[in-house]
Amino acid sequence: MSGLVTSATTWLRTTYAAGESWMLDSRKASYGTAVLRIGFGLILVVQLVAGWGDRSLAWGAGRSFAQGRVDVDEFPAFLDLFFNGSAPAWAFDLQYLALVALSVLLVLGWRSRIVIPVLLVLYIALFRTNPFIGDGGIQLMRMVLVYMLFADTSGRWSLDARRRRAAQASGTPSRFASWAWLGTLLHNGAVLLIAFQIFVVYVASAMYKIQGGMWQHGTAIYYVFQLDEFSTWPQVTELIGRSGVLVAILSYSAVFVQLFFPFLLLRRPTRILALIAITGMHLGIGVLMGLMYFSMTMIAIDAIFIRDVTYEGVQRRLAPVLRRTWDGIRRRPTVPPAAPEELAADGPDPAREATPREDGDLVPAGAAAPSSPMAGDVEGSGAPERDAAMPAGS
């Protein structure tokens, strides 16, 4: 009995030490959270720019039909200060453009610690004004943005990271160097919360699916494609629906990957298979069912499950290519070279065809060189007169 207690105590101590080391040694998924930040910013930019023409009808003065839902929601009352339907049109447009600008700054990774909280408030304030617009991606992005408040999303591929490197190179000490462990703890905790949130979404979705007879029989995908609101490419979905085997494979694989997704991440071969399968599923949902923003949101979140060493390997391979491309763009001449006919019409350039004299002065081409004592010596020795003006390099 004492041996069992000792073994259990040893296992607990080892597990605790491993967990403490994982949480405090380094910031995990630094590249994955950067991809998450960039992905969310791009999604918001595309969504807001695409809705610019209908902004007043969707979220402004024309969304009065949704006011009843807004009055009974449980969001904080101070959100009514933003995107108020009774406010002037210019005030609404100014707030809308501010949200677009914050989304761009999120992509660039400029002062992310300040940008993300402000963007979160404006994002919730905008989309709560009309709950009939959007899909599950909006709610999921809202929750993940809360976790991103505590994560270091600008540690890679950002203007913040560039500024930090410049400060380190100049020897400027960080004001929060003594609290770096706390930042690491909060970052890794946020990564775990995001991962847990995705696990809940996938596993709950799979558990809900397997209760339905169509998913059990492997025909659910076929009936989904028959709905008009989810039939963006009817020719493609009709072609898929003709194959019962393909429909069954797609139906069962969707349930399998979602149900066992957390466990498939434990080993590298199954992790690669799971990420490829889940990304393909979201691409299919976005393209064939028209749920583009939801699919893009899920793919951006799933990026945290790709290891940093994988991102670093891809970066090493792409960096030389991108650098050569950028150098080629910078060195490309902005003024086109003159045609040979234009050069001939302009005549020779005396400055270019000037020949140096022995005393260092330039003599234009075709001009006679002035006499010098050395030239007189050459003439006296019987040398040809043309040798006195011999071009340099002859």
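For the structure itself, look to the data block above.
Residues numbered from 1 in each chain as written. Predicted model: local features only at pLDDT ≥ 70, side-chain atom pairs only at ≥ 80, totals over all residues. Heavy atoms only, no water.

**Some thoughts on the overall build of the chain**
Phase 1 of the analysis: Within the chain, the regular secondary structure consists of 20 helices and two strands.
Phase 2 of the analysis: Counting every position in the chain, which comprises 394 residues, the buried fraction comes to 32%.
Phase 3 of the analysis: Considering only residue pairs separated by 6 or more positions, the chain has 75% of its internal contacts joining residues 24 or more positions apart.
Phase 4 of the analysis: Carbon and sulfur atoms make up 66% of the accessible area of the chain, which amounts to about 24600 Å² in all. (Helix = DSSP H or I, 4+ residues; strand = E, 2+ residues; numbered from the N terminus. Buried < 20%, exposed > 50% of the residue type's maximum accessible area, 1.4 Å probe, protein only. Contact = heavy atoms within 4.5 Å. Areas by Shrake-Rupley, 256 points an atom, 1.4 Å probe, with all protein chains shown as cover.)

**Here we look at helix H16 (residues 292-302)**
Phase 1 of the analysis: Among the residues making up H16, those that are buried are Ser295, Thr297, Met298, Ala300, Ile301 and Asp302.
Phase 2 of the analysis: Check the buried side of H16 and you find it contacts helix H2 (30-50), helix H7 (136-148), helix H9 (180-209), helix H14 (261-264) and helix H15 (268-288).

**As for the nonpolar core**
Phase 1 of the analysis: Counting residues in hydrophobic clusters, the biggest one holds 61 residues, and the most contacted among them are Leu36 and Phe40.
Phase 2 of the analysis: Examining the composition of this core, we find that ten residues originate from one element, helix H6 (residues 112-127), more than from any other.
Phase 3 of the analysis: Apart from residues no more than four positions distant in its own chain, leucine 36 is found in contact with Val144, Met148, Ile194, Ala300, Ile301 and Ile304. (Core = buried A, V, L, I, M, F, W, Y, C linked by side-chain atoms within 4.5 Å.)

**Considering a nonpolar patch on the surface**
Phase 1 of the analysis: Taken together, the side chains of Leu24, Phe176, Trp179, Trp181 and Leu185 define a hydrophobic patch exposed on the protein surface, amounting to about 540 Å² of accessible area.
Phase 2 of the analysis: As for its placement among the helices and strands, phenylalanine 176 is situated in the loop between helix H8 (159-169) and H9.
Phase 3 of the analysis: Take phenylalanine 176: its relative accessible area is 55%, and that puts it in the exposed class. (Patch = residues over 30% accessible without salt bridge, like charges linked within 9 Å, V, L, I, M, F, W, Y side chains within 5 Å. Salt bridge = Lys/Arg side-chain N within 4 Å of Asp/Glu carboxyl O.)

**As for the packing of H7 against H9**
Phase 1 of the analysis: It is the contact of H7 with H9, at a shortest axis distance of 9 Å, that shows an interaxial angle of 160°. Relative to H9, the element H7 is oriented roughly antiparallel. Considering only the axes of H7 and H9, their crossing is right-handed. Contact with H7, carried on its side by Leu140, Met143, Val144 and Tyr147, involves Ala190, Leu193, Ile194, Gln197, Ile198 and Val201 of H9 and no other residues of that element.
Phase 2 of the analysis: Grouping the constituent residues of the contact of H7 with H9 by class yields nine nonpolar, one polar and no charged. (Axes fitted to C-alpha atoms, helices over the stretch in contact; angles between N-to-C directions. Parallel < 35°, antiparallel > 145°, perpendicular 65-115°, else oblique. Left-handed = near helix turned anticlockwise from the far one by under 90°. Nonpolar A, V, L, I, M, F, W, Y, C, P; charged D, E, K, R; others polar.)

**With respect to the packing of aromatic side chains**
Phase 1 of the analysis: Taken as a whole and assessed by the stated rule, the structure comprises 16 aromatic pairs.
Phase 2 of the analysis: Summarising the aromatic geometry, the rings of tyrosine 123 and phenylalanine 127 are spaced 4.8 Å apart at their centres and angled 55° between planes, so their arrangement reads as tilted. In this pair, tyrosine 123 and phenylalanine 127 are both assigned in helix H6, four residues apart and thus about one turn of the helix distant. Taken individually, tyrosine 123 and phenylalanine 127 each receive the classification buried, so the pair is uniform in this respect.
Phase 3 of the analysis: Across from the ring centre of tryptophan 22, 5.0 Å away, lies the NZ or CZ of lysine 28, which sits over that ring.
Phase 4 of the analysis: In this structure, arginine 55 packs its charged tip against the face of tryptophan 52, placed 3.6 Å from the ring centre. (Phe/Tyr/Trp six-rings, centres within 6.5 Å; stacked < 30°, edge-to-face > 60°. Lys NZ or Arg CZ within 6 Å of the ring centre and 35° of its normal.)

**Regarding the pattern of salt bridges**
When their charged atoms lie close together, side chains carrying opposite charge are able to pair.
Phase 1 of the analysis: Applying the stated criterion across every chain yields a total of seven salt bridges.
Phase 2 of the analysis: As a salt-bridge pair, aspartate 73 and arginine 128 come within 3.0 Å of each other at their nearest N and O atoms. Remark: arginine 128 occurs in the loop between H6 and H7 and aspartate 73 occurs in the loop between helix H4 (67-71) and helix H5 (89-108); sequence separation between them is 55 residues.
Phase 3 of the analysis: Its relative accessible area of 23% is what places aspartate 73 among the partly exposed residues.
Phase 4 of the analysis: Aspartate 152 is the salt-bridge partner of arginine 164, the closest N and O atoms lying 3.2 Å from each other. One end of the pair, arginine 164, is in helix H8; the other, aspartate 152, is in the loop between H7 and H8, with twelve residues separating them in the sequence.
Phase 5 of the analysis: You can call aspartate 152 buried: its relative accessible area is 7%.
Phase 6 of the analysis: One salt-bridge network, in which partners are shared between bridges, spans Arg27, Asp152 and Arg164.

Function cannot be inferred from these measures alone, as they are strictly geometric.
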